[in-house]
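One-letter residues, chain by chain:
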Amino acid sequence: MVDIRIKEGSTDRWNGDASISTIASKVQVNGPIIKDKAAILLSFRRSHLDDYLLDISRKNKAKEDIIGESTAYFQDLYGKLHFVVDKRNRIYLSYYQGQDSYEDIEEYQESFEDAEFYFLDDGESDWSNRMSSLRWTHLFGKKFFSTTTLSYTAFDYKRNFRGVYQATDPQF
């Protein structure tokens, strides 16, 4: 079992940060909903790999006389609310959603026994994760506590492929 704790939003002041790099961009904001009682944290991240892959893949495919491109990216969103009910009770509500995508398109022609054939291949893979949880932590004393969690998770994977193959010679 892996126990990962993600930071909580500040209950006393709003703050945030953002960054942009050649690979990804991210934004995070957090702050109080009710001062010293409840806070929110929101975070979003997206890769920029698709920009690089498009250019590189077009050049590599062109070397093989193929018109086409490949692209891929990931993005995720995270949010967390926490409430201080009293000195002994806290409630947390968390949500995460991540998505990844890859697509490859190729268009080319080939000759076979004096005939010309046209090919179009378009393949796409998308996968995503969603997770939400509601957690209640109760302190019974200085050394004894309980945590009760309700959670929901979902994973989705889609694979689409489209192929068009036709003879460009009228005798076929």
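Thresholds, definitions, all that
Residues numbered from 1 in each chain as written. Predicted model: local features only at pLDDT ≥ 70, side-chain atom pairs only at ≥ 80, totals over all residues. Heavy atoms only, no water. Helix = DSSP H or I, 4+ residues; strand = E, 2+ residues; numbered from the N terminus. Buried < 20%, exposed > 50% of the residue type's maximum accessible area, 1.4 Å probe, protein only. Pairing = 2+ DSSP bridges. Axes fitted to C-alpha atoms, helices over the stretch in contact; angles between N-to-C directions. Contact = heavy atoms within 4.5 Å. Expected span 1.5 Å × (residues − 1). Arc of directions from axis to C-beta.

Notes on the environment of tyrosine 157
Along the chain, tyrosine 157 turns up in strand E7 (residues 145-167). Given the relative accessible area of 46%, tyrosine 157 is considered partly exposed. In this structure the C-alpha to C-alpha distance between tyrosine 157 and serine 128, which are 29 residues apart in sequence, comes to 6.6 Å.

Looking at the sheet that holds strand E4 (residues 67-86)
Spatially, seven strands are ordered E1-E2-E3-E4-E5-E6-E7 in an open sheet, and the strand pairing comes out antiparallel. Every other strand in the sheet has two partners, leaving strand E1 (15-20) and E7 as the edge strands with one partner each. Ignoring strand direction, the axes of neighbouring strands in this sheet form an average angle of 5°. Each of strand E3 (38-47), E4 and strand E5 (89-112) touches helix H1 (residues 49-63); the most contacted strand, E4, lies at about 165° to it.

Considerations on the pairing of E1
Across six bridges, the pairing between E1 and strand E2 (residues 24-34) is antiparallel. Within the sheet, the bridge partner assigned to isoleucine 20 lies in E2 and is serine 25. Taken together, E1 and the strand that follows it, E2, pair antiparallel across an intervening segment of three residues.

Topic: H1
The first and last C-alpha atoms of H1 sit 21 Å apart over 15 residues, in line with the 21 Å expected at 1.5 Å per residue. Considered for burial, the residues of H1 that qualify are Asp50, Ser57 and Lys61. Buried residues in H1, looked at end-on, bunch into an arc of 35°, giving them a common side. Exposed and facing more than 90 degrees away from the buried side of H1 are Asp51, Lys59 and Lys63. On its buried face, H1 is in contact with E3, E4 and E5.

Side note on the environment of tryptophan 127
Take tryptophan 127: it is sitting in strand E6 (residues 115-139). Here tryptophan 127 falls in the partly exposed class, since its relative accessible area comes to 30%. Note: C-alpha distance between tryptophan 127 and serine 101 (26 residues apart in sequence) is 6.6 Å. Those residues in contact with tryptophan 127, other than ones at most four positions away along the chain, are Gly98, Gln99, Asp100, Phe155, Asp156 and Tyr157.

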